[in-house]
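An overview of the molecular structure
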Amino acid sequence: MKGDKLNGWIFIMPAVIIIGIFCIFASVFAVYMSFNKVNMFTGTYTFVGFENYARLFSDPKVGIAFKNALSFAVVVVPIQTFLAMLMANVLNSKIKFKKGLRIVYFLPTLTSSSALTLIFMFMFSVTGPINGLLTSVGVITEPINFLNDSAFALKVIMCMNIWSTVPVFMTIYLAALADIPKSVYEAADIDGAGAIKQFFKITIPQLRNVTSYVVLVGIIGTLQMFDQAFIFSNGSGGPENSTLTPALLVYNNAFGTMNTMGYASSIAISLSLMIFMAAMVSNKLTKANKGVDE
Amino acid sequence: MKDKILKVVLYTIVFGYAIFTLFPFVWAVAASFKPVSEIVGGNLSIIPENPTLDAYKSLLVENNMFWRWLLNSFFISGVATVCNVLFNTMAGYSLARIHFRGKNLVANLIIATITIPGQVLLIPNYVIVTQMGLNNTYTAVILLSAINASYIIMMRQFFINFPREVEEAGQIDGLSRFGIFFRLSFPIAKPAIATQSLFIFMGVWNEFLKTKLYLSSPDKYTITVGLQALSQSQGDSVPWDLVMASSVMSIVPMIILYIILNRYFLEGVRIGGDK
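This structure is a prediction, so every number in the text was calculated from the model and none was measured. (Residues numbered from 1 in each chain as written. Chains lettered and ligands numbered in written order. Predicted model: local features only at pLDDT ≥ 70, side-chain atom pairs only at ≥ 80, totals over all residues.)

**Here's the deal with the overall build of chain A**
What counts, and what does not: Put simply, DSSP H or I for four residues or longer makes a helix, DSSP E for two residues or longer makes a strand, and each gets a number counted from the N terminus. Three exposure classes are used. Buried residues have 20 or more other C-beta atoms within 10 Å of their own C-beta, exposed residues have 12 or fewer, and partly exposed residues fall in between, all C-beta atoms being placed from the backbone. Throughout, a pair of residues is in contact if the C-beta atoms placed from their backbones lie within 7 Å.
The secondary structure content of chain A amounts to 13 helices and two strands. With respect to the three principal axes, the spread of C-alpha positions in chain A is 75 × 75 × 40 Å. Counting over 294 residues, chain A shows a buried share of 44%. Long-range contacts, defined as pairs at least 24 residues apart, comprise 70% of the intrachain contacts of chain A with a sequence gap of at least 6.

As structure tokens, this is what we get:
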């Protein structure tokens, strides 16, 4: 069409400008900042080489934050993946009330992280329903201060995260289950394989690609956890740094009173390197598994 | 016999999980109708002993900020959604249908940006927004949410899979590229656009980090940031009745959207799964 070369650029211009500035330029800028001492008040940048990165190793908070994020991922990802797969398979069987159940299951996905976190904080507060239930059935005698006890705080966020992320992954599994050809199951029926055998021999292998996707998204999501930890601790990462995550550390170093934006950038870059590595490892593992089975 | 046991197990799991999901919501709704004294009194009954509308009255009548926060959320989410629908769809269309120099490079760059974690962009974008003098403006949040690379790719896929005949007919009728796009292609893409707008709206409505960072004066807060501010408003003692009532109200618009547009929701999760 006449003048179409220009039209192509005109159509894509808004996207190019915004992505160009706020994604591509910003990424380069982030790397640049991580090699500088940035004074936000005066707007001066002083090149310091790897000083910010060296500081990561001497800052005890960094170790704590990364350890928290890793244990968070290690606990949350397997449980959420298992529950999502289980619930999708159950929902996919011949049961009634499917539509209503789906609406109920989807509620956490519709809810903002701030409302979710506040609701869970209420549930686990000293006078809240969880403590009430536990005392009334005699599991505990004194209410537990879940929110201010460093032994429990991160575990509460883990529960909340599992509870709120299962529905999305369940829906992804449901879509994948619909794509498994019925003939595969019919053939297994003829061969006399029972429901449980079919589940392990057909369903799980057929869902392998989806599972690796779900695990990958789960890892990326858990390592970047911010909202819940921020609201839970009002930004401090407390009690006793037990809810401190790398993302929270980035935020506090960049926008707190410390004026350490360059250092914060180096934490952010390190976090993303870790996410890339975790993604590669999980990809490799799925591929290796495939090689063994087939 | 075996079938019966299986049925019992299945129904136990689905209803057990439904209760597990609903449990916190039911308590939140219940608490929003209780006086504070009853909430912190450790009362185990879900049904309020002295039901009251005080929390809702306080939020909707006495606290003039709450309406403001809801309105801010609607405004920011609405404008961001319109920007996304227009820009993502145009970009996706351009990549799918128009031949121009540098197209492949642009497409690959857009795909590559999907993998950049948000934390990396957080600090430089704050500096850029500050340099532009946009701190504490709605524009800052809208600008940073105005484009979504995943949906550009989704729209490109949609137009690639869509037959060209209608557009060719439009071309014969003498329509320009803009005419073809806005009169023919855009209306055809309605289902994909519905899914896209729904998820963008929900994402911006529920956004916390950006709104917290960029909107610093209370009259500019969105509902998510307002909720958090409300929970901190009385120091160490959280006003649970107000916080639960406002949490409940922040979810209601999303539930209404979900029920009306249910089929687009499922479609959207599926698209997310293909990313």
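**Side note on helix 14 (residues 240-260) of chain B**
All names here are of chain B. The condition is simple: For a helix, the expected span equals 1.5 Å multiplied by the residue count minus one. Fitting one axis to the seven residues ending at a residue and another to the seven starting there, the bend at that residue is the angle between the two axes.
Taking 1.5 Å as the rise per residue, helix 14 with 21 residues should run 30 Å; its terminal C-alpha atoms sit 30 Å apart, in good agreement. Maximal helix bending in helix 14 amounts to about 25°, located at Val252; proline Pro253 follows within four positions. Taken together, the buried positions of helix 14 are occupied by Trp240, Asp241, Leu242, Val243, Met244, Ala245, Ser246, Ser247, Val248, Ser250, Ile251 and Met254.

**Some thoughts on the interface of chain B and chain A**
The following threshold applies: Lys, Arg, Asp and Glu make up the charged group, whereas Ala, Val, Leu, Ile, Met, Phe, Trp, Tyr, Cys and Pro make up the nonpolar group; the residues left over, Gly among them, are polar.
In this assembly, 74 residues from chain B lie in contact with 70 residues from chain A. With 13 residues, the top contributor of residues to the side of chain B that touches chain A is helix 1 (residues 2-32) of chain B. For the side of chain B that touches chain A, the per-class residue count stands at 52 nonpolar, 18 polar and four charged.

**Quick look at the nonpolar core**
Note that soluble globular proteins tend to have their nonpolar side chains buried in a common cluster. Defined as follows: When buried Ala, Val, Leu, Ile, Met, Phe, Trp, Tyr and Cys residues are joined through C-beta atoms within 7 Å, the set is termed a nonpolar core.
Of all hydrophobic cores here, the largest spans 156 residues; its most connected members are Tyr173(A) and Ala268(A). Top contributing element to this core by residue count: helix 7 (residues 153-179) of chain A, with 15 residues. When sequence neighbours within four positions are dropped, the list of residues in contact with Ala268(A) reads Ala30(A), Val250(A), Gln119(B), Val120(B), Leu122(B) and Ile123(B).

**Topic: the packing of helix 5 (residues 113-123) of chain A against helix 7 of chain A**
Pairs of packed helices are described in terms of their axes, by the angle between the two and the distance that separates them. All names here are of chain A. Heads up, the condition is: The convention used is that axes are lines fitted to C-alpha atoms, helices contributing only their stretch in contact, and that angles between N-to-C directions extend from 0 to 180 degrees. Put simply, angles under 35 degrees are roughly parallel, angles over 145 are roughly antiparallel, angles from 65 to 115 are roughly perpendicular, and the rest are oblique. By definition, turning the near helix anticlockwise from the far helix through less than a right angle yields a left-handed crossing, and turning it clockwise yields a right-handed one.
In the contact formed by helix 5 and helix 7, the axes pass within 11 Å of each other and the chain directions differ by 130°. Compared by their axis directions, helix 5 and helix 7 come out oblique. In the crossing of helix 5 with helix 7, the sense of the turn from one axis to the other is right-handed. On helix 7, the residues that touch Leu116, Thr117 and Phe120 of helix 5 are Val156, Met160 and Ser164. Classifying every residue of the contact of helix 5 with helix 7 by side-chain character gives four nonpolar, two polar and no charged.

**Re the pairing of strand 2 (residues 44-47) of chain A**
Residues and elements named next belong to chain A. Stated formally: Here the rule is simple: two strands pair whenever DSSP picks up at least two bridges between them.
Bridge analysis of strand 1 (residues 36-39) against strand 2 gives four bridges, and the strand direction is antiparallel. If you follow Asn39 over to strand 2, its bridge partner there is Thr44. The hairpin turn running from strand 1 into strand 2, its antiparallel successor, is four residues long, and Gly43 in that turn takes a positive phi close to 75°.

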